[in-house]
Amino acid sequence: MQSERATTSRRNRSTAAGWSFLFCALVGCSAGTSGSNREGGGGQGGATAADAPSLDRGRVMLRRLNRTEYNNTVRDLLGTALRPADKFPGDDVDHGFDTIGAAVHTSPVHLELMESAASALVDELLARPANDEQRARILLCDDPGNDCLARVLEGFMRRAYRRPPVKAEVTDLLALADEVRTQTSQPDDGRRAALTAVLVSPHFLFRVEHDADLDDTEARPISNHELAARLSYFLWATMPDDELLEAADDDRLSDTDELRRQVERMLSDGKAVALAENFAGQWLYTRSIEEFAPLSSVFPAFDEPLRAAMKEETERLFGALVQDGATVADLLMADFTFVNDRLARHYGVPSPGGGDFARVSLAGTPRGGLLTQGSFLLVTSPPDRTSPVKRGAWVLHQLMCSLLPPPPPDVEALEVPTKGDGTTLRDRLAEHRSNPACAGCHNLLDPIGFGLENFDGIGTYRTQDNGVAIDASGEMPDGQSFTGARELGQLVAGDAAFAGCVAQQLATYGLGRPFDGEDGAEYLAGLVARVGGADSTLPALLLAIVTSEAFRTRRAEIAQP
Amino acid sequence: MSFHPSRRSLLSNAAVTVGLPFLASLGHLPRRARAAECAPRKRFVAWYQPNGFVMPHWTPEQTGAGYIAPSLLEPLAPVRAKSIILSGLENEMVAQAKGMLGNHAGGTGCFLTQVRADSNVPERTSLDQKIAARIGACTSLPSLQLGMEPSISAGSCDGAPCSFSRGISWANNTPLANVYNPAVAFDRMFAGVDPRANDADIQRRRALRSSVLDHATRQASALSARLARLDRIKLDEYLTGVRELELRIQKTASPGSGVAGQCAMSERPPEKPQFRAGVDIMTDLMVLALRCDATRVITFMISSSFSGRDYTYLGAGGSYHNISHHMGDPANLEKLRKIGRWQVEKVAALAAKLDAIDDGQGKTVLDNTCVFFSSEIADGDRHNHWDLPVLLMGGLGGTLKGLGQHISYTKYTFPRPLLGPQGGRSIGDLFVSIQNGFGISDTRFGANGTRPLAEIMA
């Protein structure tokens with residue numbers, strides 16, 4: 001293994017053996033696609049426990065809470081139903097996620113809206129009746145004076161800053177309260193200003209982590225409170241709860257067993273739905289399902305209840321796979337899903353009845369796993385048809401973490417026959433693959449997408465396209481052929497690159513930094529290999545990430561040349 | 001109720017010049033308004049249109065004032081005499097795809113900056129922000145970024161960080177996020193101006209907000225000292241926002257001050273209008289902002305290049321982006337022409353509205369404005385960044401000439417192929433011209449702008 005890696009290219013080294021040639025083929029899409037390069041028979045990748053790769057050189061950057069995290073955090077901090085971040089501008093996304101420190105920016109409009117949100121949130125808190133549970137929890141004593149305010153602030157700041165405040169921070173806010181009371185002559189305004197100031201503080205709005213020594217570029221353990229925040233924003237997309245904060249207060253999170261216990265506890269909490277919504281939703285693109293509008297003239301069956309059901313199905317399935325301890329491969333192979341009556345009708349499976357969602361078996365149906373879910377099939381389709389190109393690119397990019405170059409510039413107009421009698425989309429795309437400028441990549445992309453042609457642009461199962469029987473045979477870039485979605489799922493799940501890619505997606509989301517460089521991908525390939533690759537359970541993979549050196553350490557910035 | 005002068009209010013009087021000396025990145029911020037920059041009033045609007053046009057329906061075959069308007073330019077008729085069609089401009093060198101970067105992200109990422117959409121470029125300031133750095137302090141809001149279609153909430157962004165395709169306005173490498181919600185934009189424009197509030201309410205609110213922002217500055221300053229360089233840059237963005245907000249609170253502190261007070265009485269627009277109505281609402285907001293002098297610098301993205309919007313209401317059903325990959329199909333080309341014509345109608349409507357507002361001395365607001373309208377590519381299939389569709393509207397306070405004309409920079413004489421050849425003047429040169437029109441004497445812009453376009457400089 002070692003010698004093999006030493007002789008392969010930079011990109012090759014970032015993947016497990018089975019797909020290593022693929023990167024040659026994809027970067028520029030110019031190399032041949034012969035299957036003879038396949039090595040290792042889909043083994044578990046380039047690393048074993050014996051040669052665990054060392055931590056990559058990546059670094060976690062200071063990052064503002066994104067919109068989801070802001071809304072969730074004020075919900076848990078204040079018990080409010082307000083969702084102020086719905087009005088914030090969309091968050092910057094890079095490497096597929098809105099959690100990337102280098103990409104998320106704060107523009108003046110963010111600051112304006114966060115400031116007005118803070119004041120609205122505090123106004124709402126103070127306007128609640130005195131017996132309101134959440135209000136009473138924050139306002140431990142309900143007196144506008146500073147003696148009481150000091151107690152209130154210590155508790156509130158600890159939760160808002162996700163660490164105990166230092167004394168000077170409390171003193172500063174008490175002075176601020178004094179000043180404002182004097183200025184406005186309204187006793188309650190001191191408290192109002194101090195609480196608002198906490199919600200505008202960078203210690204609340206940003207995920208702050210400190211380097212013990214700015215010149216020390218070795219990976220060093222982060223503090224327990226920093227670790228608690230990483231953990232809660234990873235699994236819950238919100239602030240740590242009391243139990244997690246207490247564990248951090250007691251320095252218990254340095255203990256791997258305690259970390260394991262916390263992960264298990266957190267995954268069984270309802271807040272873990274955030275992992276399905278935000279991680280899976282971005283990874284699988286399904287979070288964008290609200291923004292797709294299939295043409296009613298082409299897809300008269302599509303309606304809003306179906307859209308809502310598709311979204312919920314994916315979240316429920318992902319959540320169930322995590323809860324049940326299913327394997328990474330089960331993401332693509334699960335032979336069950338969750339449907340309500342509307343979705344059951346769409347899928348042609350027996351209705352659960354009663355209007356609610358129920359788990360149903362997919363055995364004996366053409367469906368199974370994420371690749372046959374309506375949500376995925378919809379968000380990879382234009383409004384009026386399917387796109388084997390998009391679906392193929394999605395499989396390679398999102399499931400295999402392969403890099404795909406964009407279409408080349410200045411390609412002369414391609415004359416692709418429009419939908420005439422007796423042609424399928426497959427026929428029409430064949431002509432565009434005959435253009436040498438496009439063929440390099442599309443010979444890799446399209447044959448994957450063809451395997452999903454039995455599912456139309458809203459995921460309805462079909463056997464004909466434009467009156468002609470569908471040919472759902474396809475081919476992987478390494479030459480392995482398959483027919484239909486289930487076989488495609490098996491092929492992808494069986495390849496070591498898949499498990500490494502899932503780990504890469506999870507770590508990128510969870511740590512807010514890319515792992516797609518050579519050393520990052522290799523590090524995660526090693527990590528996932530040690531828990532069994534695609535046979536690892538999802539909780540075991542999550543735990544492996546949380547207990548990894550990458551998750552528990554940070555390093556100072558490497559000096560710029 | 002009485003008010004005692006506090007450390008805060010004493011500081012605030014000096015806060016325009018006191019502040020955050022350790023933050024180099026604040027250099028672009030307007031510090032204080034000077035009369036020479038604020039009068040006469042000049043304004044800038046950049047209107048981004050994705051996915052190019054059917055260029056044969058855009059480019060006139062004749063140059064000069066007598067050109068015959070092709071289909072896409074017909075809607076300009078009411079303001080044609082105050083518009084300039086520029087052909088043959090390009091930004092191929094900075095916009096073309098390279099590595100994993102796609103042409104839409106490449107073209108949008110440099111749309112107003114003329115530097116490559118690459119995170120490693122150390123300096124990235126867009127034309128609107130260069131202008132805002134000069135005249136932004138004349139108004140309560142230095143600039144306003146508006147958009148119509150929030151980008152989708154998951155999916156790839158053409159091989160680049162999504163900020164390169166989601167926005168066009170950049171201040172020192174910080175992307176300035178678009179506001180898509182008209183009500184939020186309205187509140188931004190008139191923040192702090194509550195025509196119903198009494199003086200005591202306003203003073204109280206100001207004291208609260210100022211103390212909160214003071215605290216934010218103190219905390220961030222202390223934190224910044226403990227951060228590594230790249231983290232500090234992130235926190236600088238926060239501090240820039242705090243400082244801009246402080247300035248705004250000071251500027252809008254007096255109740256119902258001037259025109260803004262009157263304008264704030266305007267009806268607040270809806271939060272989430274339908275797209276078609278929303279374009280008109282955003283257009284009216286831009287007109288309101290310029291008329292009321294809430295800001296003088298606006299960018300607007302009518303759509304995004306990845307938009308799959310269905311324009312059935314224009315007789316152009318299907319995914320907009322997919323249609324723009326027309327593949328020479330006459331049906332697609334006709335749909336694209338209809339969509340493009342509607343988009344030109346919309347920017348023409350903005351210009352006509354600005355032209356209906358008296359700006360004194362016999363001039364209209366349009367006469368003192370420069371509206372820049374273009375797309376990140378020319379043709380949806382070729383994804384080329386040369387022979388771009390470029391439209392200027394307004395005279396920029398008499399600093400522009402050539403109004404009413406079609407001016408071409410292609411190497412061909414007419415009749416010429418539509419699309420023309422590569423190798424025309426750089427869009428950067430156009431931006432030099434525009435910045436010069438705003439009194440910014442710099443003769444360089446971005447990677448390729450080196451000299452103004454003499455043909456349009458009065």
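Residues numbered from 1 in each chain as written. Chains lettered and ligands numbered in written order. Predicted model: local features only at pLDDT ≥ 70, side-chain atom pairs only at ≥ 80, totals over all residues.

Participant: What's the story with the overall build of chain B in this structure? I'm lost.
Facilitator: Regarding its fold elements, chain B presents 14 helices and 9 strands. Across the 458 residues in chain B, those meeting the buried criterion constitute 60%. (Helix = DSSP H or I, 4+ residues; strand = E, 2+ residues; numbered from the N terminus. Buried ≥ 20, exposed ≤ 12 C-beta atoms within 10 Å, placed from the backbone.)

Participant: What is the right way to look at the overall build of chain A in this model?
Facilitator: Along the backbone of chain A there are 26 helices and 10 strands. By the burial criterion, 54% of the 561 residues in chain A qualify as buried. Restricting to contacts in chain A with at least 6 residues of sequence separation, those with at least 24 account for 69%. (Contact = placed C-beta atoms within 7 Å.)

Participant: How should the environment of Gly325 of chain A be read in this particular structure?
Facilitator: Residues and elements named next belong to chain A. Looking at the element boundaries, Gly325 is found in the loop between α15 (304-323) and α16 (330-333). Residue class for Gly325 comes out exposed when judged on the 12 C-beta atoms lying within 10 Å of it. Counting along the chain gives 211 residues from Gly325 to Ser536, while the straight-line C-alpha distance between them is 9.0 Å.

Participant: Can you walk me through the domain arrangement of chain A in this structure?
Facilitator: As a measure of interface size, the accessible area lost when the parts come together is often cited. All names here are of chain A. Looking at the assigned domains, one finds that chain A contains domain 1 (1-60 + 209-272 + 382-561) and domain 2 (64-207). Taken together, the contact between domain 1 and domain 2 spans 17 residues of the former and 16 residues of the latter. Of all the secondary structure elements, the ones that give two or more residues to the side of domain 1 that touches domain 2 are α11 (224-235) and α23 (496-511). Broken down by element, the side of domain 1 that touches domain 2 gets its largest block of residues, 4 residues, from α11. Each residue belonging to the side of domain 1 that touches domain 2 can be placed in one class, and the counts come to 10 nonpolar, 4 polar and 3 charged. (Domains from an automatic or database assignment. Nonpolar A, V, L, I, M, F, W, Y, C, P; charged D, E, K, R; others polar.)

Participant: Sorry, what's going on with the interface of chain B and chain A here?
Facilitator: Taken together, the contacts link 76 residues of chain B with 66 residues of chain A. Listed by contribution, the elements that provide at least two residues to the side of chain B that touches chain A are α6 (163-166), β5 (174-175), α7 (182-189), α8 (199-224) and α9 (229-251) of chain B. Examining the composition of the side of chain B that touches chain A, we find that 12 residues originate from one element, α9 of chain B, more than from any other.

Participant: How should I be thinking about unusual backbone geometry in this particular structure?
Facilitator: Leaving glycine aside, a negative phi is the common case for residues, and trans is the common case for peptide bonds. In this structure, the amide linkage connecting Ala39 of chain B to the following residue, Pro40 of chain B, adopts the cis form with an omega of -5°. Along the polypeptide, Pro40 of chain B turns up in the loop between α2 (35-38) and β1 (43-49). We note that His95 of chain A has phi near 50°; this positive angle belongs to a residue other than glycine. Secondary-structure assignment places His95 of chain A in the loop between α4 (67-78) and α5 (108-127). Assessed through the 20 C-beta atoms surrounding it within 10 Å, His95 of chain A is described here as buried. Phi is positive for Arg162 of chain A, close to 65°, though the residue is something other than glycine. Turning to its location among the elements, Arg162 of chain A is positioned in the loop between α7 (146-160) and α8 (167-184). Residue Arg162 of chain A is classed as buried on the basis of its C-beta count, with 24 C-beta atoms lying within 10 Å.

Participant: Any chance you could explain the sheet that holds β1 of chain B here in plain terms?
Facilitator: Pairing between the strands of a sheet is mediated by backbone hydrogen bonds and can be parallel or antiparallel. Residues and elements named next belong to chain B. Read from one edge of the open sheet, 7 strands run β3-β6-β1-β7-β8-β2-β9, paired in mixed fashion. In the strand order of this sheet, the two ends are held by β3 (144-147) and β9 (406-408), each with one partner. Looking at each pair of strands side by side, their axes are set apart by 15° on average, direction ignored. Of the pairings in the sheet, the one linking strand β2 (residues 83-87) to strand β8 (residues 390-393) comprises 4 bridges and is antiparallel in character. By the bridge assignment for β8, Ile84 is matched with Leu392. (Pairing = 2+ DSSP bridges. Axes fitted to C-alpha atoms, helices over the stretch in contact; angles between N-to-C directions.)

Participant: Just to check I follow, could you spell out the packing of helix α13 (residues 256-267) of chain A against helix α25 (residues 538-546) of chain A for this structure?
Facilitator: Geometry of a packed helix pair, given as the angle between the helix axes and the separation of the axes. All names here are of chain A. Where α13 meets α25, the closest approach of the two axes is 10 Å, and the angle between their N-to-C directions is 135°. Taken as axis vectors, α13 and α25 run oblique relative to one another. Crossing geometry of α13 relative to α25 is assigned as right-handed. Side by side, α13 and α25 meet where Leu259, Arg260, Val263 and Leu267 of the first sit next to Pro539, Leu542, Leu543 and Val546 of the second. Its residues placed into classes, the contact of α13 with α25 shows 7 nonpolar, no polar and 1 charged. (Parallel < 35°, antiparallel > 145°, perpendicular 65-115°, else oblique. Left-handed = near helix turned anticlockwise from the far one by under 90°.)

Participant: Sorry if this is basic, but what is going on with α9 of chain B here?
Facilitator: Think of an α-helix as turning once every 3.6 residues; residues three or four places apart then point the same way. The terminal C-alpha atoms of α9 of chain B lie 32 Å apart, and with 23 residues this matches the ideal 33 Å at 1.5 Å per residue to within 8%. Across the 23 residues of α9 of chain B, 19 count as buried, placing the element largely inside the fold. (Expected span 1.5 Å × (residues − 1).)

Participant: Quick question: what am I supposed to make of the domain arrangement of chain B here?
Facilitator: Entries for chain B in the domain assignment read domain 1 (32-190 + 271-456) and domain 2 (196-255). Distance from the C-alpha centre of domain 1 of chain B to the C-alpha centre of domain 2 of chain B: 32 Å.

Participant: Even after reading the chapter, I still don't get the environment of Ala35 of chain B, so can you show me in this structure?
Facilitator: Along the chain, the position of Ala35 of chain B falls in helix α2. Between the C-alpha atom of Ala35 of chain B and that of Cys138 of chain B, which follows or precedes it by 103 residues, the distance is 8.4 Å.

Participant: Which parts of the structure should I look at to understand the packing of helix α19 (residues 388-399) of chain A against helix α21 (residues 436-450) of chain A?
Facilitator: Residue and element names in this part refer to chain A. Viewed as axis vectors pointing N to C, α19 and α21 meet at an angle of 100°, and their least axial separation amounts to 7 Å. Between α19 and α21, the angle falls in the class roughly perpendicular. Along the contact surface, α19 presents Pro388, Val389, Arg391, Gly392, Ala393, Val395 and Leu396, while α21 presents His442, Leu445, Asp446, Ile448, Gly449 and Phe450. Of the residues belonging to the contact of α19 with α21, the class tally is 8 nonpolar, 3 polar and 2 charged.

Participant: Just to check I follow, could you spell out the confidence of the model for chain A for this structure?
Facilitator: Caution applies to low-pLDDT parts of the model: their predicted coordinates are not meant to be read in detail. Residue and element names in this part refer to chain A. Averaged over all residues, the pLDDT of chain A is 87; the fraction at 70 or higher stands at 87%. Throughout residues 1-25 the model reports pLDDT below 50, and contacts reaching past four residues in sequence, or to other chains, amount to 55 contacts. Per-residue pLDDT stays below 50 along residues 31-50; that stretch engages in 49 contacts with residues further than four places along the chain or on separate chains. (pLDDT = per-residue confidence, 0-100.)

Participant: Hey, could you run me through the confidence of the model for chain B in this one?
Facilitator: Residues and elements named next belong to chain B. Summarising the model, chain B shows a mean pLDDT of 87, and 88% of its residues fall at 70 or more. With pLDDT under 50 throughout, residues 1-30 is counted as low confidence; its partners more than four residues away or in other chains account for 49 contacts. Among the prediction metrics, the complex's ipTM stands at 0.89, with pTM recorded as 0.90.

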